[in-house]
Amino acid sequence: MTGRGDSRGEKGLLDGKRVVVTGGAGLLGRCFCRGIVAHGGVAIVADKDFLSASLLAEELNSTEEKRAAAFALDISDAESVSALISFVEERFGGADALVNNAYPRNANYGRPVEEVSYNDFCENLSLHLGGYFLTMQRFALFFKRHGGGCIVNMGSIYGTLPPRFSVYEGTSMTMPPEYAAIKAGVLQLTRYFAQSFKKDGVRVNALSPGGIRDGQSESFLEAYASFCGIKGMLEPIDIVGALLFLLSDSSRFVTGQNLVVDDGFSL
Ligand SMILES: NC(=O)c1ccc[n+]([C@@H]2O[C@H](COP(=O)([O-])OP(=O)(O)OC[C@H]3O[C@@H](n4cnc5c(N)ncnc54)[C@H](O)[C@@H]3O)[C@@H](O)[C@H]2O)c1
């Protein structure tokens, strides 16, 4: 922790840190942005859904003046990522951290393995893993030019764990093969970038939640919870503490790691 963070305790964990959150208007992103601002940071809500991003920035600025901004971003478009970097430089004089958190998928995403076409597989990898690569590459180079920075990539337990198909029985959900490939790729790119930029003061870590509650049926939640410890499927707020740690100076010598938050599901 730095400066006022020490005397104000947890509230100042991110004092003054400017954090770009891609997909910042989504289920986890919204909660991340609220946590960043509540702990002294500035949240740049960068999302394809500009309306939702703007509403969230407005909400955050109504309590904490000028500590949030919205940006219309497409992580799979190099010009859009460059425009985001120019935006944070002009508006906030730069950025200290990136949370690679967007969740792009095409209309056919989420099908069982036997129904996934080659084109859909490639398109979803390109949008998600390709977009994470592009955003991470541009921000790592930007941070290197400015003396350092921090990147947190959103992974998933399914980046390392084989699918637990049994929990999806009797539901229309599954764990799609694209997701396994994307998140395994995100975790290995995390190590690749951490190694590439560790001499430049750029830390790169992954945060891997288990499944997050989002209106799933009780029977699914029960099946899922049978593999967990004390809670079962977690809520977005349960992931925020781990993100704040990875963004903060408390983790200043942590790089290339994957922090799993899943109430023991993957054990
Ligand atoms: N929800 C879960 O159960 C869960 C579990 C583990 C990991 N994760 C990971 O956490 C991250 C966030 O997941 P979520 O559940 O909050 O997703 P979400 O779908 O609720 O939100 C994703 C956000 O990304 C935005 N987005 C989509 N395409 C984009 C693009 N091309 N450029 C910029 N923004 C774009 C959407 O508008 C949306 O606001 C993802 O990486 C996901 O894989 C989620």
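Details of the structure are given in the entry above.
Residues numbered from 1 in each chain as written. Predicted model: local features only at pLDDT ≥ 70, side-chain atom pairs only at ≥ 80, totals over all residues. Heavy atoms only, no water.

**Q** Sorry, what's going on with the sheet that holds strand β6 (residues 202-209) here?
**A** In sheet architecture, strand pairing relies on hydrogen bonds along the backbone and comes in two forms, parallel and antiparallel. With respect to topology, seven strands assemble into an open sheet ordered β3-β2-β1-β4-β5-β6-β7, the strand pairing being parallel. Two strands lie at the open edges of the sheet, namely β3 (68-72) and β7 (258-261), each paired on one side alone. The average undirected angle you get between the axes of adjacent strands in this sheet is 20°. Summarising the sheet, strand β4 (residues 97-100) and strand β5 (residues 149-154) pair through four bridges and their orientation is parallel. (Pairing = 2+ DSSP bridges. Helix = DSSP H or I, 4+ residues; strand = E, 2+ residues; numbered from the N terminus. Axes fitted to C-alpha atoms, helices over the stretch in contact; angles between N-to-C directions.)

**Q** Help me out: how do you make sense of the pattern of salt bridges in this one?
**A** Pairing is possible between side chains that carry opposite charge, provided their charged atoms lie close to one another. Within this structure, the stated rule accounts for six salt bridges. We note a salt bridge from Glu 59 to Arg 34, for which the minimum N-O separation is 2.8 Å. Of this pair, Glu 59 sits in helix α3 (residues 50-63) while Arg 34 sits in helix α2 (residues 27-38); the two residues are 25 residues apart in sequence, bridging distant segments of the chain. According to the relative accessible area criterion, Glu 59 is partly exposed, its value standing at 36%. Accessibility expressed as a relative area gives 36% for Arg 34, which makes it partly exposed. In this structure, Glu 235 engages Lys 231 in a salt bridge whose closest nitrogen and oxygen atoms are separated by 2.6 Å. The network of salt bridges with shared partners includes Lys 231, Glu 235 and Asp 238. (Salt bridge = Lys/Arg side-chain N within 4 Å of Asp/Glu carboxyl O. Buried < 20%, exposed > 50% of the residue type's maximum accessible area, 1.4 Å probe, protein only.)

**Q** In this structure, what is going on with the packing of aromatic side chains? I would like to understand it.
**A** The final tally for this structure, using the stated rule, is 13 aromatic pairs. Ring geometry for Phe 71 versus Phe 87: centroids 5.1 Å apart, planes at 45°, classification tilted. One end of the pair, Phe 71, is in strand β3; the other, Phe 87, is in helix α4 (residues 78-92), and 16 residues separate them in sequence. Using a relative accessible area of 13% as the deciding quantity, one classes Phe 71 as buried. Ring pairing ties together the aromatic residues Tyr 168, Phe 220, Tyr 224, Phe 227 and Phe 265, which thus form one cluster. Above the plane of the ring of Tyr 103 lies Arg 105, whose end atom (NZ or CZ) is 3.7 Å from the centre. (Phe/Tyr/Trp six-rings, centres within 6.5 Å; stacked < 30°, edge-to-face > 60°. Lys NZ or Arg CZ within 6 Å of the ring centre and 35° of its normal.)

**Q** What's the story with the nonpolar core in this structure? I'm lost.
**A** One broad trend across soluble globular proteins is that nonpolar side chains are buried collectively. The biggest cluster of nonpolar side chains holds 69 residues, and the ones touching the most others in it are Val 20, Phe 32, Ile 36, Leu 84, Phe 139, Leu 207 and Leu 247. Per-element accounting of this core gives the leading share, eight residues, to helix α5 (residues 118-145). Residues within four places of Leu 247 in sequence aside, it is in contact with Leu 14, Lys 17, Val 19, Ile 36, Ala 97, Val 99, Cys 150, Val 152 and Arg 203. Residues Ile 157, Tyr 158, Val 167 and Tyr 168 belong to the second largest nonpolar core, which totals 14 residues. (Core = buried A, V, L, I, M, F, W, Y, C linked by side-chain atoms within 4.5 Å. Contact = heavy atoms within 4.5 Å.)

**Q** Explain the packing of α2 against helix α8 (residues 237-247) to me, please; I cannot follow it from the model alone.
**A** The relative placement of two packed helices is expressed as an angle between their axes plus a distance between the axes. At their nearest, the axes of α2 and α8 sit 9 Å apart, and the two run at 55° to each other. As summarised for this structure, α2 and α8 are arranged oblique, according to the angle between their axes. As for how α2 packs across α8, the hand of that crossing is right-handed. For the pair α2 and α8, the contacting residues are Leu 28, Cys 31, Phe 32, Gly 35 and Ile 36 in the first and Ile 237, Ile 239, Val 240, Leu 243, Leu 244 and Leu 247 in the second. Looking at the contact of α2 with α8 residue by residue, the classes come out as ten nonpolar, one polar and no charged. (Parallel < 35°, antiparallel > 145°, perpendicular 65-115°, else oblique. Left-handed = near helix turned anticlockwise from the far one by under 90°. Nonpolar A, V, L, I, M, F, W, Y, C, P; charged D, E, K, R; others polar.)

**Q** For this particular structure, what's the right way to read α8?
**A** The periodicity of an α-helix, 3.6 residues per turn, causes residues three or four positions apart to be oriented the same way. Listing the buried residues of α8 in full gives Ile 239, Val 240, Ala 242, Leu 243, Leu 244, Leu 246 and Leu 247. Residues of α8 that are buried sit in contact with β1 (18-22), α2, β4, β5, β6 and β7.

**Q** Hey, could you run me through the site of the ligand in this one?
**A** Lining the immediate surroundings of the ligand are 26 residues, of which Leu 28, Asp 47, Arg 105, Tyr 132 and Tyr 179 lie closest. Interatomic distance of 3.3 Å between a backbone N/O atom of Leu 73 and a nitrogen atom of the ligand. Backbone polar atom of Tyr 103 to an oxygen atom of the ligand: 3.3 Å apart, as the coordinates give it. Protein coverage of the free-state accessible area of the ligand, which is 840 Å², stands at 86%. When contributions to the shell around the ligand are tallied by element, the ones reaching two or more residues are α2, α5 and α6 (177-197). Split by residue class, the shell around the ligand holds 13 nonpolar, seven polar and six charged. (Near = heavy atom within 4 Å. Polar contact = N/O pair within 3.5 Å; in protein donor to acceptor, adjacent residues only side chain to side chain. Areas by Shrake-Rupley, 256 points an atom, 1.4 Å probe, with all protein chains shown as cover.)

Treat this as a map of the structure, not an account of what it does.
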